[in-house]
Amino acid sequence: MSYVDGFVVPVPTEQLAAYRRMSRKAGKVWREHGALEYRECVADDVKPGKHTSFPQSVKLKAGETVVFSWIAYKSRAHRDSVNKKAMADPRVAAMMDPKAMPFDAKRMIWGGFKVFVDV
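Model, not experiment: these values are computed from the prediction.

Peer 1: Could you clarify how one ought to interpret the layout of surface pockets in this entry?
Peer 2: Think of a ball as big as a water molecule: rolled over the atoms, this probe shows where empty space is left. The volume enclosed by the largest pocket comes to roughly 590 Å³. If you trace the largest pocket, you find 26 residues lining it, with F7, W30, M87, M96 and M108 closest to the centre. When contributions to the lining of the largest pocket are tallied by element, the ones reaching two or more residues are β1 (3–12), α1 (16–32), β2 (37–42), β3 (64–73) and α3 (76–88). When residues of the lining of the largest pocket are assigned to their parent elements, the largest contribution, 5 residues, is made by α1. Residues of the lining of the largest pocket, tallied by class, amount to 19 nonpolar, 3 polar and 4 charged. Computed from the structure, the second largest pocket encloses a volume of approximately 230 Å³. Considering the residues around the second largest pocket, the lining is formed by L16, A17, Y19, R20, S23, R24, E40, C41, V42 and V67. Those elements giving two or more residues to the lining of the second largest pocket turn out to be α1 and β2. Broken down by element, the lining of the second largest pocket gets its largest block of residues, 6 residues, from α1. Residue composition of the lining of the second largest pocket, grouped by class: 6 nonpolar, 1 polar and 3 charged.

The rules behind each value
Residues numbered from 1 in each chain as written. Predicted model: local features only at pLDDT ≥ 70, side-chain atom pairs only at ≥ 80, totals over all residues. Heavy atoms only, no water. 1 Å grid on protein atoms, 1.4 Å probe; cavity = no way out; pocket = protein on both sides within 12 Å on 5 of 7 lines; lining within 4 Å. Points joined across faces, edges and corners; volume = space filled by probe spheres on them. Helix = DSSP H or I, 4+ residues; strand = E, 2+ residues; numbered from the N terminus. Nonpolar A, V, L, I, M, F, W, Y, C, P; charged D, E, K, R; others polar.

Next up, the structure:
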């Protein structure tokens, strides 16, 4: 693994089960198209900080929790290839309706990262 897409998402606590169902479907699609790993992690020990924190990064509201996720790839080119296939997959298209999403996608943070240390 040498490239990772990372995500931080605010999810209403009452929608965690729906979010998990959606994530399982998405993870299956990404893995079928070649992703090396697909992980979704729910906050367990995440507190607001004085200057910055996971909750502050997504403007966390009462009744929400932070989900931290990543997808691992061989390289950025591999990521681009997998994402192109996954985004064209009809199973993903069915999940993309903003009104049906179990989270506020406008407050989601994401980006691609080169692996810097791998111990």
